[in-house]
Every structure is written in C-alpha cells, then in structure tokens.
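The chain contents come next:
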Amino acid sequence: IMEYENKESDFASGLPDKLRDECYEQGEKLYHHLVNALEAGIKEGVIRSELDIVQTAHILWACTVGIFTTTRKKANYMRLYHGSDPEKIIAEAFDMLLCAIKS
C-alpha cells in the first residue's frame, strides 16, 4: 500500500483497474482504523479534542509513510554518515507524533 503511488490518471481513465481498486480499498480500511482510533482517543481524553480528525489522520498517514520510506531508503546513509540507527529514528518519530496529538 505504501509503495503504490496514485496519479490523477487513476481517476480520469474511467477504466476499472482491479489492483488499483484493491490498493485503495486496503488503504481506506487502514485510514478508517486510524480515524476510529483518533475518535476513541478523543472520547477517552487522551487525544486533543480540538484536532480535526480527518486532517490529523492525513497528517499522521503522510508522516508515517515518510518515516518508513526515508529510513528504508536511507538506512545506510543514516548509519554511515550520522551514526544513527534507523529503528531508533522510527521510534522517536512516533514519540514526536504522539506528543503532537496528546491532550
């Protein structure tokens, strides 16, 4: 799902594309899990209630894709040039994201 990059032509062709549709369907399932988790967190008082859930879900999704893509593609660079552990970067990135939405 992360590797599939949609294009405007996905929506303009009008032709059915089973793989594209399956990828979007799986992406929507994951997106709705995230939205539901945010809604539950707001109800429990652990997520800031003033957040726009849809925008927050998109931001978290984009950040997550960026974190995983960057650490996967640049792992050797991070280790060799900066002495950084990509796994620790992932963990710290998620800590930062959580701090941004916690109440």
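Residues numbered from 1 in each chain as written. Predicted model: local features only at pLDDT ≥ 70, side-chain atom pairs only at ≥ 80, totals over all residues. Heavy atoms only, no water.

Trainee: Explain the nonpolar core here, please?
Mentor: Note that soluble globular proteins tend to have their nonpolar side chains buried in a common cluster. With 12 residues, the main nonpolar core is built from Tyr31, Val35, Leu38, Ile47, Leu51, Ala57, Leu60, Ile67, Ile90, Ala93, Leu97 and Ile101. Listing elements by their share of this core, those giving two or more residues are helix 2 (18-44), helix 3 (53-73) and helix 5 (86-101). At 4 residues, helix 5 tops the list of elements feeding residues into this core. Once residues lying within four places of it in the same chain are set aside, the contact partners of Ile47 are Leu38, Gly41, Ile42, Ile101, Lys102 and Ser103. (Core = buried A, V, L, I, M, F, W, Y, C linked by side-chain atoms within 4.5 Å. Buried < 20%, exposed > 50% of the residue type's maximum accessible area, 1.4 Å probe, protein only. Helix = DSSP H or I, 4+ residues; strand = E, 2+ residues; numbered from the N terminus. Contact = heavy atoms within 4.5 Å.)

Trainee: Looking at this model, I keep getting lost on the environment of Cys63. Mind explaining?
Mentor: Looking at the secondary structure, you find Cys63 in helix 3. You can call Cys63 partly exposed: its relative accessible area is 29%. Sequence spacing of Cys63 and Leu97 is 34 residues, and the spatial spacing of their C-alpha atoms is 8.4 Å.

Trainee: Just to check I follow, could you spell out helix 3 for this structure?
Mentor: One full turn of an α-helix is made of 3.6 residues, so residues set three or four places apart face in the same direction. End to end, helix 3 covers 30 Å across 21 residues, agreeing with the expected 30 Å (1.5 Å per residue, within 8%). Taken together, the buried positions of helix 3 are occupied by Thr56, Ala57, Leu60, Val65, Ile67, Thr69 and Thr71. Buried residues along helix 3 sit against helix 2, helix 4 (75-82) and helix 5. The N-cap of helix 3, judged by a side-chain oxygen 3.0 Å from the amide nitrogen of Val54 a few residues on, is Asp52. (Expected span 1.5 Å × (residues − 1). Polar contact = N/O pair within 3.5 Å; in protein donor to acceptor, adjacent residues only side chain to side chain.)

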